[in-house]
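If you want the building blocks of each chain, they are given just below.
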Amino acid sequence: MDRIPVLRMGSLLLITIQVDMHDKLALQLQDDVTHRITEYGSTGVLIDISSLEIVDSFIGRMLANVAAMSRVLGAETVVVGMQPAVAITLVELGMSLPGVRTALSVEAGMELLLTAAAETAYGFDDERSQA
Amino acid sequence: MNVLKRDEQPLKSSSDVVAARQKVRQWSTELRFSLVDQTKLITAASELARNALDHGKGGAMTIELISNHGKSGLRLIFEDQGPGIPDIEQALKDGFTTGSGMGLGLGGSKRLVNEFSIESEVGKGTKVTIIRWK
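Okay, so let's go over this structure. Quantities reported herein were computed from a predicted structural model and do not represent experimental measurements. (Residues numbered from 1 in each chain as written. Chains lettered and ligands numbered in written order. Predicted model: local features only at pLDDT ≥ 70, side-chain atom pairs only at ≥ 80, totals over all residues. Heavy atoms only, no water.)

Turning our attention to the overall build of chain B. Along the backbone of chain B there are 4 helices and 5 strands. Its helices and strands taken in sequence order, chain B reads β-α-α-β-β-α-α-β-β from the N to the C terminus. The C-alpha radius of gyration of chain B comes to 14 Å, within 12% of the 14 Å expected for a compact globule of 134 residues. With respect to the three principal axes, the spread of C-alpha positions in chain B is 40 × 25 × 25 Å. Buried residues in chain B amount to 53% of all 134 residues. For chain B, the share of sequence-separated contacts (at least 6 apart) that also reach a separation of at least 24 residues comes to 63%. Of the roughly 6,400 Å² that chain B leaves accessible, carbon and sulfur atoms contribute 47%. For chain B, the distance from the average site of its 19 positive side-chain charges to the average site of its 16 negative ones is 5 Å. (Helix = DSSP H or I, 4+ residues; strand = E, 2+ residues; numbered from the N terminus. Rg over C-alpha atoms; globule rule 2.2 N^0.38 Å. Buried < 20%, exposed > 50% of the residue type's maximum accessible area, 1.4 Å probe, protein only. Contact = heavy atoms within 4.5 Å. Areas by Shrake-Rupley, 256 points an atom, 1.4 Å probe, with all protein chains shown as cover. Lys, Arg positive; Asp, Glu negative; His and termini not counted. Charge placed at Lys NZ, Arg CZ, Asp CG, Glu CD.)

Right, let's get into the sheet that holds strand β5 (residues 101-103) of chain A. One key point about sheets: their strands pair by backbone hydrogen bonds, in either a parallel or an antiparallel sense. All names here are of chain A. With mixed pairing, 5 strands are arranged side by side in an open sheet as β1-β2-β3-β4-β5. If you trace the sheet from one side to the other, it starts and ends with β1 (6-9) and β5, each paired once. With direction set aside, neighbouring strand axes in the sheet form an average angle of 25°. Note: strand β4 (residues 76-80) against β5, 3 bridges, orientation parallel. When the bridges of β5 are listed, Val80 appears paired with Ala103. (Pairing = 2+ DSSP bridges. Axes fitted to C-alpha atoms, helices over the stretch in contact; angles between N-to-C directions.)

The next subject is the packing of aromatic side chains. Residue and element names in this part refer to chain B. Going through the model one piece at a time under the given rule, you end up with 0 aromatic pairs over all chains. The ring of Trp27 is capped by Lys5, whose NZ or CZ atom sits 4.4 Å from the centre of that ring. Lying across the ring of Trp133, Lys71 places its NZ or CZ 4.4 Å from the centre. (Phe/Tyr/Trp six-rings, centres within 6.5 Å; stacked < 30°, edge-to-face > 60°. Lys NZ or Arg CZ within 6 Å of the ring centre and 35° of its normal.)

Moving on to the nonpolar core. Counting 31 residues, the largest nonpolar core has Val24, Leu41, Leu76, Phe78 and Ile130 of chain B as the members making the most contacts within it. Of all elements in the fold, only α1 (14-30), α2 (35-54), β2 (59-68), β3 (71-80), β4 (115-121) and β5 (125-133) of chain B reach the threshold of two or more residues within this core. The element best represented in this core is α2 of chain B, accounting for 8 residues. If near-sequence neighbours (up to four positions away) are discounted, Leu41 of chain B is found in contact with Val24, Phe33, Leu74, Leu76, Val113, Ile130 and Arg132 of chain B. Counting 29 residues, the second-largest nonpolar core is a separate cluster that includes Ile59, Ala75, Val86 and Met95 of chain A. (Core = buried A, V, L, I, M, F, W, Y, C linked by side-chain atoms within 4.5 Å.)

On to unusual backbone geometry, then. Leaving glycine out, the prevailing phi sign among residues is negative, and the prevailing peptide bond configuration is trans. All names here are of chain B. Positive phi is not limited to glycine here, since Lys57 has a value of about 60°. Relative to the assigned elements, Lys57 resides in the loop between α2 and β2. You can call Lys57 exposed: its relative accessible area is 70%. Unusually for a residue other than glycine, His69 sits at a positive phi of about 45°. As for its position among the elements, His69 is in the loop between β2 and β3. Classification of His69 as exposed rests on a relative accessible area of 80%.

Here is the structure:
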């Protein structure tokens, strides 16, 4: 069975969804991400959906599930690169992806994840008092 | 209303749902729908195709290029021979689900198209028709 690759980069996992996923592939990805987080002790998951032409309620639920499962395992998830037409459609469909952090680009998402990891590691308040 | 072109896509597996989405994309591109309209129609098709597969135990999608008083559009008909829906009004409400979904399929796809109709008979099956005009 084919799979969406889950790449490891330092403490982060990177996923780029480039195919029109059938439902089983989406569920497989959900499984793979949770396994990789525990295997590598990842603190962040970045999912790039810029090549996705649609996000329906099934894919939306998969993204929300990945975010929730990762959080339980101690990792933050950021979904990046959603196309404007996809965002419009998702909201009209009734899904605003609550609980899923989003960013416009891979760079912005990466920054968000690294900041979140630093805050967890050192404590946000300490960092502020030092600044 | 004239039907100018018609095609059918069986919905027997989750790769058929992907094929249905691709067919709708191809037809809506040919009709030069705007990107947002394309995305809305494909998303609605994806929801309804999955419904036919998961709740209706498989079925088929008919796609038609239609014209009416100089307007053109795409009509999609999703038919299954599944258990049917006992309470359509309830099934159209957001958050109503009998399966593993979010319960946004029917009500959500209704919001994404211009015309939506549903006929269902318990024990016989369900037929959902949607139209998006250009």
